Amino acid sequence: MALHRKIDDGGDRNEVDVNPVYVQLARERVPRRTMPQRGMLPDTALQVVRDELILDGNARLNLATFVTTWMEPQARRLMAECLDKNMIDKDEYPQTAELESRCVNILADLWHAPAGSATGCSTTGSSEACMLGGMALLWRWRQRRQAAGAGVGQPNLVMGSNVQVCWEKFCRYWQVEPRMVPMEPGRLHLRGPQAAAQCDENTIGVVAILGSTMDGSYEPVGEISGELDLLAGRGGPDVPIHVDAASGGFIAPFLQPQLVWDFQVPRVASINASGHKYGLVYPGVGWVVWRAAAALPEDLVFKVNYLGGEMPTFALNFSRSGSNVAAQYYNFLRLGFEGYRRVQQACQDVALHMSGQIARMGPFELLSDGSELPVFAFRISDESAGYTVFDLSEVLRERGWLVPAYTFPANLQDTAVLRVVVRNGFGMNLADAFLADLRRYSRTLAAHPHSHMPLAPESVRHGFAH
Ligand SMILES: *Cc1c(COP(=O)(O)O)cnc(C)c1O
């Protein structure tokens, strides 16, 4: 989470008045950064906190985030009912543990895990899921090396420079060398030959992304696996793949059922996905599944017994509410395969409609069109347009649209794009309203290129990594 610093301003801006309509006393004050001496009535506290939060953005107009911003009232009710169940306490809440187990089974089935011993768990999101997947790769590599009497000093992980920040975290925290294959003009993600070329006997695995947070494109898991097969066939290292399917794990099974990216590829050892992205659950819940128990080293698994009973667990945190897992199971039950397919297809229809219109709009060029994830990125191709994607992102904010502008990672740092993520609830009406605003604002900016203050792009650039 964001790091926050203690503010020492002598307290002169610490206290504010509560709206007099909410209070009985003539005047009631709330200290902002120290705990109040006395409490207040629940409705007063509720009003005060709500008033603060109206400054947050309107989630439905947020085209930046991949994360669920709307669930049905029935799902909200279920979540409220489950907030007090501690996920880790499998003995007191065996039925919540049972629902988690069913979700793992449903996902393992959706991702074509071979019959036998697929194993998985829920997490707080894909970041934790990736951390667990990466740890399993690291531990297994160490076991292989130790068994061969080789050194375990310099592990590396191969991935594209377009990976989500969680993989950089994994490498930093576990002291694994990140081997990032840079993007090139015309290649916006990792491909097979480039991945295999980076692998050596110290490679713990290759991360393939389905799909890229940068532009929504899928990395070719089959091609990457094929190149790694050739490498192993030549007597090179036998490198496993982890698929980071944070978004695609809940899209590809429904929209691209013919695509072979999951456990059908024998080299794929583990897969993660975010339940709170296209899994359609409020944050935060993620999932990770290993092809077989053998892909998950025993000494990473802890058996906790002091809550009564004994349950194997693999997680970074301990206590967590059971409400997201119940909500995930609710969605599976409520929508079924056909329901998920229709929801995701509706997103894709809107994404393709929008990208098609934008491609015809003039100064824009698509870098992806939403035909893989319902996500697309576009840039200003006309050098003489007189404004940048950062200017556009800023003016669109005036109407409430949150559309992040950012530069691509190495080696395409000169390419600046806008990205649109279409989620459930963003229908054709909103899409057309957005397109009208985009058309209007780009015309205005072109006519008055200097009317808008250049903004500090840093604040916007880092908005993409949701
Ligand atoms: C969003 C995302 C993550 C991080 O997922 P959280 O669920 O937000 O922790 C990791 N990888 C990819 C490809 C993502 O899109």
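Criteria and thresholds
Residues numbered from 1 in each chain as written. Predicted model: local features only at pLDDT ≥ 70, side-chain atom pairs only at ≥ 80, totals over all residues. Heavy atoms only, no water. Phe/Tyr/Trp six-rings, centres within 6.5 Å; stacked < 30°, edge-to-face > 60°. Helix = DSSP H or I, 4+ residues; strand = E, 2+ residues; numbered from the N terminus. Buried < 20%, exposed > 50% of the residue type's maximum accessible area, 1.4 Å probe, protein only. Pairing = 2+ DSSP bridges. Axes fitted to C-alpha atoms, helices over the stretch in contact; angles between N-to-C directions. Contact = heavy atoms within 4.5 Å. Near = heavy atom within 4 Å. Polar contact = N/O pair within 3.5 Å; in protein donor to acceptor, adjacent residues only side chain to side chain. Areas by Shrake-Rupley, 256 points an atom, 1.4 Å probe, with all protein chains shown as cover. 1 Å grid on protein atoms, 1.4 Å probe; cavity = no way out; pocket = protein on both sides within 12 Å on 5 of 7 lines; lining within 4 Å. Points joined across faces, edges and corners; volume = space filled by probe spheres on them. Nonpolar A, V, L, I, M, F, W, Y, C, P; charged D, E, K, R; others polar. Expected span 1.5 Å × (residues − 1). Core = buried A, V, L, I, M, F, W, Y, C linked by side-chain atoms within 4.5 Å.

What to know about the packing of aromatic side chains
Moving on, step 1. Under the defined criterion, the tally for this structure stands at 14 aromatic pairs.
Moving on, step 2. When the ring of Trp401 is compared with that of Phe434, the centres are 5.3 Å apart and the planes differ by 80 degrees; the resulting orientation is edge-to-face. Taken as a pair, Trp401 in the loop between helix H10 (389-398) and strand S14 (405-407) and Phe434 in helix H11 (residues 428-447) lie far apart in primary sequence, 33 residues in all. In this pair, the class of Trp401 matches that of Phe434, namely buried.
Moving on, step 3. In this structure an aromatic cluster arises from ring pairing among Phe250, Phe254, Phe332, Phe337 and Tyr340.

Some details on the sheet that holds strand S13 (residues 375-380)
Moving on, step 1. Judged by pairing direction, the sheet is antiparallel, and its 4 strands sit side by side in the order S12-S13-S15-S14 without closing on themselves. The outermost strands of the open sheet, each flanked by one partner alone, are strand S12 (364-366) and S14. Across the sheet, the mean angle from the axis of one strand to that of its neighbour is 40 degrees, orientation sign disregarded.
Moving on, step 2. Bridge count between S14 and strand S15 (residues 416-421): 3 bridges; the pairing is antiparallel. Its bridge partner being in S15, Ala405 is matched across the sheet by Leu418.
Moving on, step 3. Sheet strands touched by H10: S12, S13, S14 and S15. Its angle to S15, the strand with the most contacts, is close to 40 degrees.

Describing the site of the ligand
Moving on, step 1. Residues in contact with the ligand amount to 13 residues; listed here are only the nearest, Ser126, Ser127, Asp244, His276 and Lys277.
Moving on, step 2. Between the ligand and the protein, one listed contact pairs an oxygen atom with a backbone N or O atom of Ser126 at 2.7 Å.
Moving on, step 3. One of the side-chain nitrogen or oxygen atoms of Ser274 is found 2.8 Å away from an oxygen atom of the ligand.
Moving on, step 4. Protein contacts shield 92% of the accessible area of the ligand, which totals 380 Å² for the unbound molecule.

Details of the sheet that holds strand S3 (residues 119-123)
Moving on, step 1. As summarised here, the arrangement of the 7 strands in space is S3-S9-S8-S7-S6-S4-S5, forming an open sheet in which the pairing is mixed. The sheet is open, and its two borders are formed by S3 and strand S5 (177-181), each paired with just one other strand. The mean inter-strand angle of the sheet, taken between neighbouring strand axes irrespective of direction, is 20 degrees.
Moving on, step 2. Judged from the 4 bridges that link them, strand S6 (residues 203-209) and strand S7 (residues 241-244) form a sheet pairing that is parallel. Paired with Val206 across the strands is Ile241, a residue of S7.
Moving on, step 3. Packed onto the sheet, helix H7 (residues 221-233) meets S6, S7 and strand S8 (268-274) and runs at close to 165 degrees relative to S7.

Remarks on the layout of surface pockets
Moving on, step 1. Computed from the structure, the second largest pocket encloses a volume of approximately 570 Å³.
Moving on, step 2. Gly120, Cys121, Pro312, Thr313 and Phe314 are, among the 28 residues lining the second largest pocket, the residues nearest its centre.
Moving on, step 3. Of all the secondary structure elements, the ones that give two or more residues to the lining of the second largest pocket are helix H3 (94-110), S3 and strand S11 (311-313).
Moving on, step 4. Tallied by class, residues from the lining of the second largest pocket come to 14 nonpolar, 8 polar and 6 charged.

Quick look at empty space enclosed by the protein
Moving on, step 1. One pass over the full model with this rule turns up 2 cavities of 30 Å³ or more.
Moving on, step 2. Of the voids in this model, the largest cavity is the one considered here, and its volume is about 70 Å³.
Moving on, step 3. Contributing to the lining of the largest cavity are Phe66, Thr68, Thr69, Trp70, Lys277, Tyr278, Leu280, Arg423 and Asn424.
Moving on, step 4. In the lining of the largest cavity, the residues fall into 4 nonpolar, 3 polar and 2 charged.

Digging into H3
Moving on, step 1. In a regular helix each residue adds 1.5 Å, so 17 residues correspond to 24 Å; H3 covers 24 Å between its end C-alpha atoms and thus fits that length.
Moving on, step 2. Of all the positions in H3, only Thr96, Ala97, Leu99, Glu100, Cys103, Val104, Leu107, Ala108 and Leu110 are classed as buried.
Moving on, step 3. On its buried face, H3 sits against S3, helix H8 (252-255), strand S9 (286-290), S11 and helix H9 (323-359).
Moving on, step 4. Two residues or fewer past H3, His112 is found with a positive phi of approximately 60 degrees.

Looking at the nonpolar core
Nonpolar side chains in soluble globular proteins tend to end up buried together.
Moving on, step 1. Core analysis: the largest hydrophobic core is formed by 60 residues, its most contacted members being Trp111, Val206, Leu228, Val243 and Trp261.
Moving on, step 2. The greatest single-element share of this core, amounting to 8 residues, is contributed by H9.
Moving on, step 3. Other than its neighbours up to four places away in sequence, Val206 contacts Leu157, Val158, Leu190, Ala195, Cys199, Ile224, Leu228, Val239, Pro240, Ile241 and His242.
Moving on, step 4. Residues Met361, Phe364, Ala405 and Val422 belong to the second largest nonpolar core, which totals 32 residues.

Focus on the side chain of Asn272
Moving on, step 1. Along the chain, the position of Asn272 falls in strand S8.
Moving on, step 2. Of the residues examined, Asn272 reaches a relative accessible area of 0% and is grouped as buried.
Moving on, step 3. Among the polar contacts listed, one links the side chain of Asn272 to the side chain of His242, at a separation of 2.7 Å.
Moving on, step 4. Contact partners of Asn272, with chain neighbours within four places excluded, come to Trp111, Ser126, Ala129, Cys130, His242, Val243, Asp244, Ala245, Ala246, Trp287 and Val288.

Keep in mind that these numbers describe shape and distance, not what the molecule does.
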